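Analysis of the macromolecular model
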Amino acid sequence: MTRPGFVHQALRYGSDAEFLAGTADFVTEGLDVGDAVLVVVGPHNLTLLGEVLGDRSREVEFVDAHDWYDYPSRTLGRYRDYCDRRGADRRVRVVGEPVWAGRGAFETWEWIRYESLLNVVFAGTGHWILCPYDTRALPADIARTAARTHPELIDAAADFTDPAEFGAECDARRPGRLPAGPDDIPFARGGSAAVRQGLAAYARRVGLPEQRTYDLVAAVHETVVNSLRYGGGRGVVRLRSDPEYVICEIRDDGAHTSAPRPLFPGHLPPGIRAPGGHGMWLVRQLTDLVSEDLDPRGSVVQLYFRRPAA
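1. Here's the deal with the overall build of the protein chain
- Along its length, the protein chain carries 10 helices and 11 strands.
- With respect to the principal axes defined by its C-alpha atoms, the protein chain has extents near 60 × 45 × 35 Å.
- Sequence-distant contacts in the protein chain: of pairs separated by 6 or more residues, those separated by 24 or more amount to 71%.
- Positive and negative charge centroids in the protein chain, built from 36 and 43 side chains respectively, lie 7 Å apart.

2. Digging into the layout of surface pockets
- There is about 350 Å³ of room inside the second largest pocket.
- In this structure, the second largest pocket is lined by 21 residues; those nearest its centre are Glu97, Pro98, Trp100, Asp134 and Ala137.
- The set of elements that each furnish at least two residues to the lining of the second largest pocket consists of helix 2 (43–53), helix 3 (65–68) and strand 5 (128–134).
- Classifying every residue of the lining of the second largest pocket gives 14 nonpolar, four polar and three charged.

3. Some words on helix 9 (residues 210–230)
- Spanning 21 residues, helix 9 covers 30 Å between terminal C-alpha atoms, matching the ideal 30 Å at 1.5 Å per step.
- Once helix 9 ends, the next one or two residues include Gly232, with phi positive near 100°.

4. So, the pattern of salt bridges
- One pass over the full model with this rule turns up 28 salt bridges.
- Note that Arg80 is salt-bridged to Asp81, the shortest N-O span being 3.2 Å.
- For Arg80, a relative accessible area of 21% corresponds to the partly exposed category.
- In this structure Asp81 comes out as partly exposed when scored by relative accessible area, which is 42%.
- Residue Glu107 is joined to Arg306 by a salt bridge in which the shortest nitrogen-to-oxygen separation is 3.1 Å.

5. Focus on the sheet that holds strand 3 (residues 61–64)
- Strand order in the open sheet formed by six strands is 3-2-4-5-1-6, with parallel pairing between adjacent strands. Two strands close off the open sheet at either side, each with one partner strand: strand 3 and strand 6 (152–153).
- Helix 2 rests against strand 1 (7–13), strand 2 (36–41) and strand 3 of the sheet, and its axis sits at about 160° to strand 3.

6. Focus on helix 6 (residues 140–149)
- Buried residues of helix 6: Ile142, Ala143, Thr145, Ala146, Ala147 and Thr149, and no others.
- The inward-facing, buried residues of helix 6 abut strand 1, helix 5 (105–121), strand 5, strand 6 and helix 7 (163–171).

7. Let's talk about the pairing of strand 8 (residues 234–241)
- Strand direction decides the pairing type here: strand 7 (residues 185–188) and strand 8, joined by four bridges, are antiparallel. Directly across from Phe187, in strand 8, lies its bridge partner Gly235.
- The pairing of strand 8 with strand 9 (residues 245–252) spans seven bridges and is antiparallel. Across the sheet, the residue bridging to Val236 is Arg251, located in strand 9.
- Linkage of strand 8 to strand 9, two consecutive antiparallel strands, is achieved through a turn of three residues.

8. As for the packing of aromatic side chains
- Under the counting rule described, the total for this entry stands at 12 aromatic pairs.
- Ring geometry for Trp100 and Tyr133: centres 6.0 Å apart, planes at 35°, overall tilted. With Trp100 in the loop between strand 4 (92–96) and helix 5 and Tyr133 in strand 5, this residue pair connects regions lying 33 residues apart in the sequence. For the residue pair Trp100 and Tyr133, the accessibility class agrees, reading buried in each case.
- Consider the rings of Trp111 and Tyr114, whose centres lie 5.1 Å apart with planes at 75°: the pair is edge-to-face. Residue Trp111 and its partner Tyr114 are located together in helix 5, separated by three residues, close to a single helical turn.
- Using a relative accessible area of 0% as the deciding quantity, one classes Trp111 as buried.
- A network of ring pairs unites the aromatic residues Trp68, Tyr69, Tyr79, Trp111 and Tyr114 as a single cluster.
- If you follow Arg93 out to its NZ or CZ, it ends over the ring of Phe26, 5.1 Å from the centre.

9. Concerning empty space enclosed by the protein
- Inspection of every chain in the model, using the stated rule, returns three cavities of 30 Å³ or more.
- Roughly 110 Å³ of volume is contained in the largest cavity.
- If you trace the largest cavity, you find 14 residues lining it, with Pro72, Ser73, Glu110, His267 and Arg284 closest to the centre.
- Looking at the lining of the largest cavity, the elements that each hand over two or more residues are helix 4 (72–86), helix 5 and strand 10 (289–293).

10. Quick word on the nonpolar core
- Among the nonpolar cores identified, the biggest contains 36 residues, and Leu38, Val40, Tyr69, Tyr79 and Tyr133 are the most heavily contacted of them.
- Mapped by element, the contributors of at least two residues to this core are strand 2, helix 3, helix 4, strand 4, helix 5, strand 5, helix 6 and helix 7.
- A total of seven residues in this core trace back to one element, the largest contributor, which is helix 5.
- Residues within four places of Val40 in sequence aside, it is in contact with Val63, Asp64, Ala65, Trp68, Tyr69, Tyr79, Val95, Gly96 and Glu97.
- Grouped together as the second largest cluster of nonpolar side chains are 27 residues, Ile185, Leu199, Val206 and Val283 included.

Calculation rules
- Residues numbered from 1 in each chain as written.
- Predicted model: local features only at pLDDT ≥ 70, side-chain atom pairs only at ≥ 80, totals over all residues.
- Heavy atoms only, no water.
- Helix = DSSP H or I, 4+ residues; strand = E, 2+ residues; numbered from the N terminus.
- Contact = heavy atoms within 4.5 Å.
- Lys, Arg positive; Asp, Glu negative; His and termini not counted.
- Charge placed at Lys NZ, Arg CZ, Asp CG, Glu CD.
- 1 Å grid on protein atoms, 1.4 Å probe; cavity = no way out; pocket = protein on both sides within 12 Å on 5 of 7 lines; lining within 4 Å.
- Points joined across faces, edges and corners; volume = space filled by probe spheres on them.
- Nonpolar A, V, L, I, M, F, W, Y, C, P; charged D, E, K, R; others polar.
- Expected span 1.5 Å × (residues − 1).
- Salt bridge = Lys/Arg side-chain N within 4 Å of Asp/Glu carboxyl O.
- Buried < 20%, exposed > 50% of the residue type's maximum accessible area, 1.4 Å probe, protein only.
- Pairing = 2+ DSSP bridges.
- Axes fitted to C-alpha atoms, helices over the stretch in contact; angles between N-to-C directions.
- Phe/Tyr/Trp six-rings, centres within 6.5 Å; stacked < 30°, edge-to-face > 60°.
- Lys NZ or Arg CZ within 6 Å of the ring centre and 35° of its normal.
- Core = buried A, V, L, I, M, F, W, Y, C linked by side-chain atoms within 4.5 Å.

Shown next as structure tokens:
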């Protein structure tokens, strides 16, 4: 079966048989019509689907979901790059199942937001993404959100919510702001070198590896530059470290303008020739999680960098 336009579906399944019933024909139908087929699921489901497909599994690209679904913005970038590369002259079909286990509340809601954002990233393309949800393992509230982030459900009617409206709900769940502390680094125009030095020293002091220290400095510096450009010319970087993350909060005093807040700041990959939007996209690629409250009266951006396991 072929369909015009972008298709985004959710498959809620409660057994191995239900998973195969919802995915095997989807894959083989895609192969029959010449689609590029990418399957990104956990090891158990990779084995199940590979056995059912038999020799045809050689025509499919299989990826372990744990290697693909690390952080939402990076995963969006991977899918965009894959579809650009393999789907220039044909449809790409994806079976993509996020890894939900072991996520905290903030991270879980960013993955739910990611599912909604797929509708924006791939709008206007002819690709087809099928997202399985294992109801045996998932909390019921996560499984329920599939009806709001996917225009179609395999097993029931969807209750699809516009991604901008859904994103506003996710924003309401963002973590609280950090209080002032002894490691705060004030910044103003002409002082970015001191900010970089302070960030690098803090990251090393709390044990971030060299590459992640570089990523932290680059991401925070890019955010500071944006604050200086659009946020009134001064602000502060607040630094915290907990057992899981190093957190950098960038605040500015605001430009006191009425500029509208962008709908999806840094969430969507910009076009190569796009005049703007590259800065926050780069920040999200370097950062594990991002929370932003962009307000012309004063913005707050929080960047999260996962600490290495002990």
